[in-house]
Every structure is written in C-alpha cells, then in structure tokens.
Amino acid sequence: MSIKRIAVLTAGGDAPGMNAAVRSVVRYATSKKVEVYGVFRGWWGLINEELKVFNGRSVSGIINSGGTILKTTRCLDFQTEEGQKRAYDTIKKYAIDALVPIGGNGTFAAAHGFFKRYKVPCVGIAASIDNDINGIDTTIGSDTAINTALAAIDNIRDTATSMERIFLVEVMGRGSGYIALQVALSAGCEDVVIPERKFDLSSMCHDIVNGNIRGKVSWIIVVAEGAGSAVEIAKEINEITSLETRAVVLGHIQRGGRPTAFSRSLATLLGQAAVDSLLKGEQDKAVGMCAGGIVSVDLETAIQKKEMQVDSLYNLIKTLT
Ligand code: F6P
C-alpha cells in the first residue's frame, strides 16, 4: 500500500523533545510528498475528530520547546472497542494511510491493539522521560529529564552541605530506576533506591551513622518513585538515626523545560526514521535508539517489560560514597 497521507499524534506523559519529533515528521514527510495531519490530544483527537493539516510552517519555532504543541492525554476511551471504532472512522473519513504516535509504552500498547484490530500501518516514536521501552536504549526526553533533575540536586547539595543534613530526593520513572541511577551517578549522590534492587533501610542507616562518625555529615540519596516515597524514607531515617533529614519530591519539574541537544537531535532522527519506515512498508513498529544506532522494533516487543542492567552503575554509586 502506498502511503500518501499520515497522521502524527503525541500521547501519554509529555517528554521534552516531542515537539522536535513532530517537526521532523511533518517536514520530512512533506519533503517525500506525504501529507500530514496533526492530531490533537493524542488518541482522543482521533476519536473526536480533532485534527488538521500540518505543513512546514505549522511546526516553526518549536524545536527548542518542551511539552507538545499537539497536546496530550491518557485516553481511556481508546482502550474500548467503541473508542477504537470511532478512531477508525476518522481515519477512513480523512483518508489517512498510516499513523505515527509519539509516546511511551502505554501509547505503544494502545497502538499495537489498534493495529491488531484495524491493520492501519503504524510506526511509533519512542518518547518518554522514563526510558523504559523494551528493545530501545534511549528515548526522547530522558536525557533532558536527567539534566533537569541534576540541576535541582546540584542546588540541593549547596544547602545539604551548608546545613549538614541528609536529603532524600524523589525522582520520576514509574517502575524504572533509570532516571534515579543516571542522576545519582552524575550528581555524585551518596546512595540510590531503585525498584530493580531490594532496599534495606537498616543497612542504609548503618552506613549513614558510620559515615557520620567518619565526618561525613551530609548525604543526598536519590529515590526512584517506583521504589518508595522519599518523604516516608526520610521520616524513618530520622527516627532511626536522630539525624536531621529533609525530603524533596521533584515531580513534574522533570517533565518540562527546554530539550537538551541530545533529546532534540534524537527526536529529529526518529521523525525521519518513522516516516522512512512507513514508506518502506513497515507497520506495527516503533523506532528508537539502540546500541548507538536507530532501530525499528516490533511493537509487540517494545511493550514487553524492559529488563535494565543496573549492577555496574548501582555498585559504582555505592562504592564512591
Ligand atoms: O511516564 C512519565 C511519567 O512522568 C512517570 O515518570 C510518572 O510516574 C507519570 O508519568 C506521572 O503521570 P501524570 O503526569 O499523569 O501524573
């Protein structure tokens, strides 16, 4: 089937660099004589016919902005047969030949389910701060989120050192400890708590007290949200050690902001890759970066649980305390 018209959408949690990906899809597809519709608010926009023709000008001046000009939602209606039927009606009505959903594994699971039912060719672009997509090493937005968290922790270190306190800093990542590990390593944090490794509170308190005896009086411990609550752990450490602790939850700060050079260039390469993949006749795929190159993986594979190798970073963080 020849691809003459595609629709691009962003779904799930926004990630910095999504706009750069939208820009790349629109401009690259246009250069290949493929028409592009921009769909608003993710799958919701397909269900509710909120879309419009995009051209090169529609995506001017967005490469450096966070969020997504297409808006995004977590759309429960698209998980129903009725919702998918309405989305398919829109696709037929606008003579759309293929879809480019930009998002994370929730978006890809929805895309795969829709492909199985209606066989509309679909190539997703991996974008999520969590970096938890199977078969893909790096997603759009994760580098920016790490740098945002890093800047925050650098600030926290100033006050932690000055007031000789223990800080527990909670970062996002859903079930993945990727952001936590990367930021703990690059901020020189004393410890990290991630869902991929068992957390031992009494051994952490033992290390803190011993460190204190040696003269190490300030600690920054990064807690991945999927592994526990920084607020709760801070309370427990304070009760056990009687040392002054504070908790900071970085939250949605990590989702916004100007995308880093890496997030933008990755997004731009993946926009091109998604269009090329569709033009080659691929369907039910996702594009992302793996082993330094751009790959396309089956959506079926991409939505499986990603097993991250954490040992070397995890052990190094603890060794360097
Ligand atoms: O998947 C991205 C993410 O930011 C996760 O890290 C976090 O757990 C979740 O989304 C938060 O979702 P919401 O913005 O819907 O609260």
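Analysis parameters
Residues numbered from 1 in each chain as written. Predicted model: local features only at pLDDT ≥ 70, side-chain atom pairs only at ≥ 80, totals over all residues. Heavy atoms only, no water. Salt bridge = Lys/Arg side-chain N within 4 Å of Asp/Glu carboxyl O. Helix = DSSP H or I, 4+ residues; strand = E, 2+ residues; numbered from the N terminus. Buried < 20%, exposed > 50% of the residue type's maximum accessible area, 1.4 Å probe, protein only. Near = heavy atom within 4 Å. Areas by Shrake-Rupley, 256 points an atom, 1.4 Å probe, with all protein chains shown as cover. 1 Å grid on protein atoms, 1.4 Å probe; cavity = no way out; pocket = protein on both sides within 12 Å on 5 of 7 lines; lining within 4 Å. Sits in = over half its atoms within 2 Å of the grid points. Nonpolar A, V, L, I, M, F, W, Y, C, P; charged D, E, K, R; others polar. Domains from an automatic or database assignment. Expected span 1.5 Å × (residues − 1). Phe/Tyr/Trp six-rings, centres within 6.5 Å; stacked < 30°, edge-to-face > 60°. Patch = residues over 30% accessible without salt bridge, like charges linked within 9 Å, V, L, I, M, F, W, Y side chains within 5 Å. Polar contact = N/O pair within 3.5 Å; in protein donor to acceptor, adjacent residues only side chain to side chain. Contact = heavy atoms within 4.5 Å. Pairing = 2+ DSSP bridges. Axes fitted to C-alpha atoms, helices over the stretch in contact; angles between N-to-C directions. Buried area = accessible area lost by both parts, 1.4 Å probe.

Moving on, we come to the pattern of salt bridges. Tallying each qualifying case throughout the model produces 15 salt bridges. Between Lys 85 and Asp 89 there is a salt bridge, and its shortest N-O distance comes to 3.0 Å. Of this pair, Lys 85 and Asp 89 both sit in helix α3 (residues 81-93), 4 residues apart, roughly one helical turn. Overall, the relative accessible area of 39% leaves Lys 85 in the partly exposed class. Residues joined in a network through salt bridges with shared partners are Arg 157, Glu 190 and Lys 216.

A word on the environment of Ile 140. Here Ile 140 is to be found in the loop between β5 (123-126) and α5 (142-163). Residue class for Ile 140 comes out buried when judged on its relative accessible area of 0%. In this structure, the C-alpha to C-alpha distance between Ile 140 and Met 289, residues 149 residues apart in sequence, is 9.1 Å.

Before going further, it helps to spend a moment on the site of the ligand. Taken together, the residues surrounding the ligand are Arg 74, Ile 129, Asp 130, Met 172, Gly 173, Arg 174, Glu 225, His 252 and Arg 255. Taken by itself the ligand offers 400 Å² of open surface, and the protein chains cover 73% of this. If you map the ligand onto the pockets, it falls in the largest pocket. Considering only residue class, the shell around the ligand consists of 2 nonpolar, 2 polar and 5 charged. Counting residues domain by domain, the shell around the ligand receives three or more from each of domain 1 (5-141 + 259-302) and domain 2 (145-255).

The end-to-end C-alpha distance of helix α9 (residues 261-279) is 27 Å, a good match for the 27 Å that 19 residues give at a rise of 1.5 Å each. Directly beyond the C-terminal end of α9, a positive phi value near 100° is found at Gly 281.

If you walk through the whole model with that rule in mind, you get 6 aromatic pairs. Judged by centre distance (4.3 Å) and plane angle (5°), the rings of Trp 43 and Phe 78 are stacked. Taken as a pair, Trp 43 in helix α2 (residues 43-47) and Phe 78 in the loop between β3 (51-54) and α3 lie far apart in primary sequence, 35 residues in all. Residue Trp 43 shares its accessibility class with Phe 78, and that shared class is buried. The interplanar angle of 50° and the centroid separation of 5.3 Å between the aromatic rings of Phe 114 and Tyr 118 together place this pair among those described as tilted. You can see Phe 114 and its partner Tyr 118 sitting in helix α4 (residues 105-118), 4 residues apart, about one turn around the helix. In terms of burial, Phe 114 and Tyr 118 fall into one category: buried.

With that out of the way, let us pick up a nonpolar patch on the surface. On the surface, Leu 185, Leu 316 and Leu 320 cluster together into a nonpolar patch covering about 260 Å² of accessible area. With respect to the element layout, Leu 320 can be found in the segment after α11 (311-319). Taking relative accessible area as the criterion, Leu 320 reaches 62% and is therefore assigned exposed.

Another aspect to go through is the side chain of Asp 284. Position of Asp 284 among the secondary structure elements: in the loop between α9 and β10 (285-290). Within the structure, the side chain of Asp 284 is placed 2.9 Å from the side chain of His 112, a separation counted as a polar contact. Setting aside residues up to four positions removed in sequence, Asp 284 forms contacts with His 112, Phe 115, Cys 122, Val 297, Asp 298 and Leu 299.

Within the open sheet, the 4 strands sit side by side as β7-β8-β6-β9. Their pairing is parallel. Edge positions in the sheet fall to β7 (191-193) and β9 (245-249), since each of these pairs with one other strand and no more. Taking each pair of neighbouring strands and ignoring which way they run, the sheet shows an average axis angle of 20°. Judged from the 6 bridges that link them, strand β6 (residues 166-171) and strand β8 (residues 219-224) form a sheet pairing that is parallel.

Domain parsing of the protein yields domain 1 (5-141 + 259-302) and domain 2 (145-255). In this structure, domain 1 and domain 2 have C-alpha centres spaced 35 Å apart. Buried area between domain 1 and domain 2, both sides added, is near 900 Å², and the carbon and sulfur share of it is 47%. For domain 1, the biggest contributors to the area lost against domain 2 are Asp 14, Ile 129 and Asp 130; these three give 51% of the whole. Across the contact surface, domain 1 and domain 2 share 2 salt bridges. Between Arg 255 and Asp 14 there is a salt bridge, and its shortest N-O distance comes to 3.4 Å. At the junction of domain 1 and domain 2, the tally comes to 2 residue pairs in polar contact (both at pLDDT 80 or more). Of the residues assigned to the side of domain 1 that touches domain 2, the class counts are 2 nonpolar, 4 polar and 4 charged.

Moving on to the pairing of β10. Burial within β10 is extensive, with 5 of its 6 residues counted as buried. As paired elements, β5 and β10 share 3 bridges and run parallel to each other. If you follow Val 123 over to β10, its bridge partner there is Lys 285. Note that β10 and strand β11 (residues 293-298) share 6 bridges and pair antiparallel. The residue bridging Cys 290 from the neighbouring strand is Gly 293, located in β11. Here β10 folds back onto β11 in antiparallel fashion, the turn holding 2 residues, of which Ala 291 has a positive phi close to 50°.

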